[in-house]
Amino acid sequence: MPMPTLPPLRVATSLPRGTDVLVLGLTETGMIGVPADVDSAYAEAYAMGVAEMAAALGAKASAGKTRTLPPAGDGPRILVVGVDSGVPVDDLRKTAGTGIRQAAALADGDPLAVVVSLGADEPETVRAVGEGALLGLYDYVPVSGREPKPHGIGSITVLSAT
């Protein structure tokens, strides 16, 4: 039976070149994981930061709610995902999985380079975000001999502050 392959998973401290989609979190207290250069690019292009754009387009802090923001210039599309406020590590894992599933739905040809930036700065939280991202790619393939459909993600990078 054919098995789908997983894309490479990396950890970085800055947004890699060629990023197609940037996954960010939204809590009741505000945005998490917004790189400063992305926020300044939004301010320059739209006269408002990422948080203000997300609010203007109706992003919600409820777990599992997503909203896609336009790119600023040649930057990545921004995918805002609501973060639950329960157990922080589990919430980050779930949020990363939701973000990757939604990013895969945005793919319309070439596999996407996705960066997940949820403010993970401890080894435990970086690991949770990475696990959630890979779990977000799970797709049940019945034993039918059919080829699994491609998931549309070419690479995943977890953005970490450290």
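All values reported here derive from a predicted model rather than from experimental measurement.

**As for the packing of aromatic side chains**
For step 1, the next point in the chain: Following the criterion strictly, the structure yields one aromatic pair and no others.
For step 2, the next point in the chain: Ring plane angle 50° and centroid distance 5.2 Å describe the contact between Tyr42 and Tyr46, whose orientation is recorded as tilted. Taken together, the residues span about one helical turn, with Tyr42 and Tyr46 both in helix α1 (residues 36-46) at a distance of four residues.
For step 3, the next point in the chain: A residue is classified by how much of its surface remains accessible, and Tyr42, at 1% relative accessible area, is buried.

**What to know about the environment of Leu118**
For step 1, the next point in the chain: Within the fold, Leu118 resides in the loop between β6 (112-117) and α4 (123-135).
For step 2, the next point in the chain: Overall, Leu118 belongs to the buried group, its relative accessible area being 3%.
For step 3, the next point in the chain: Along the chain, Leu118 and Ile32 lie 86 residues apart, while their C-alpha atoms are 5.6 Å from each other.
For step 4, the next point in the chain: With residues near it in sequence (within four places) discarded, Leu118 still touches Val23, Leu24, Gly25, Ile32, Gly33, Leu92, Thr95, Ala96 and Val129.

**Focus on the side chain of Thr157**
For step 1, the next point in the chain: The residue Thr157 is located in strand β7 (residues 153-159) in this model.
For step 2, the next point in the chain: Residue classification places Thr157 among the buried positions, given a relative accessible area of 6%.
For step 3, the next point in the chain: In this view, Thr157 contacts Arg10, Val11, Ala12, Pro16, Val114, Val115 and Val116; residues no more than four positions away in its chain are not counted.

**A few points about the nonpolar core**
For step 1, the next point in the chain: Within the largest apolar cluster, 21 residues are counted, with the highest numbers of intra-cluster contacts made by Val21, Ile100, Val114, Val116 and Val129.
For step 2, the next point in the chain: At the level of elements, β2 (21-27), β5 (77-82), α3 (88-106), β6, α4 and β7 are the ones that each hand at least two residues to this core.
For step 3, the next point in the chain: Per-element accounting of this core gives the leading share, five residues, to α3.
For step 4, the next point in the chain: The residues contacting Val129, other than those within four sequence positions of it, are Leu92, Ala96, Val116, Leu118, Ala120 and Val158.

**Brief notes about the environment of Gly154**
For step 1, the next point in the chain: Within the secondary structure, Gly154 is located in strand β7.
For step 2, the next point in the chain: Excluding residues that lie within four positions of it along the chain, Gly154 makes contacts with Pro7, Pro8, Pro111 and Leu112.

**Some remarks on the environment of Val126**
For step 1, the next point in the chain: Along the chain, the position of Val126 falls in helix α4.
For step 2, the next point in the chain: Expressed as a C-alpha distance, the spacing of Val126 and Ala59, which sit 67 residues apart in the sequence, is 24 Å.

**So, the pattern of salt bridges**
For step 1, the next point in the chain: Scanning all chains against the criterion turns up three salt bridges.
For step 2, the next point in the chain: Between Asp90 and Arg93 there is a salt bridge, with the nearest N and O atoms lying 2.8 Å from each other. Here the residue Asp90 and the residue Arg93 both occupy positions in helix α3, the gap between them amounting to three residues, near one helical turn.
For step 3, the next point in the chain: Taking relative accessible area as the criterion, Asp90 reaches 35% and is therefore assigned partly exposed.

**So, the side chain of Thr95**
For step 1, the next point in the chain: With respect to the helices and strands, Thr95 occurs in helix α3.
For step 2, the next point in the chain: Looking at Thr95, the relative accessible area reads 3%, which means it is buried.

What counts and what doesn't
Residues numbered from 1 in each chain as written. Predicted model: local features only at pLDDT ≥ 70, side-chain atom pairs only at ≥ 80, totals over all residues. Heavy atoms only, no water. Phe/Tyr/Trp six-rings, centres within 6.5 Å; stacked < 30°, edge-to-face > 60°. Helix = DSSP H or I, 4+ residues; strand = E, 2+ residues; numbered from the N terminus. Buried < 20%, exposed > 50% of the residue type's maximum accessible area, 1.4 Å probe, protein only. Contact = heavy atoms within 4.5 Å. Core = buried A, V, L, I, M, F, W, Y, C linked by side-chain atoms within 4.5 Å. Salt bridge = Lys/Arg side-chain N within 4 Å of Asp/Glu carboxyl O.

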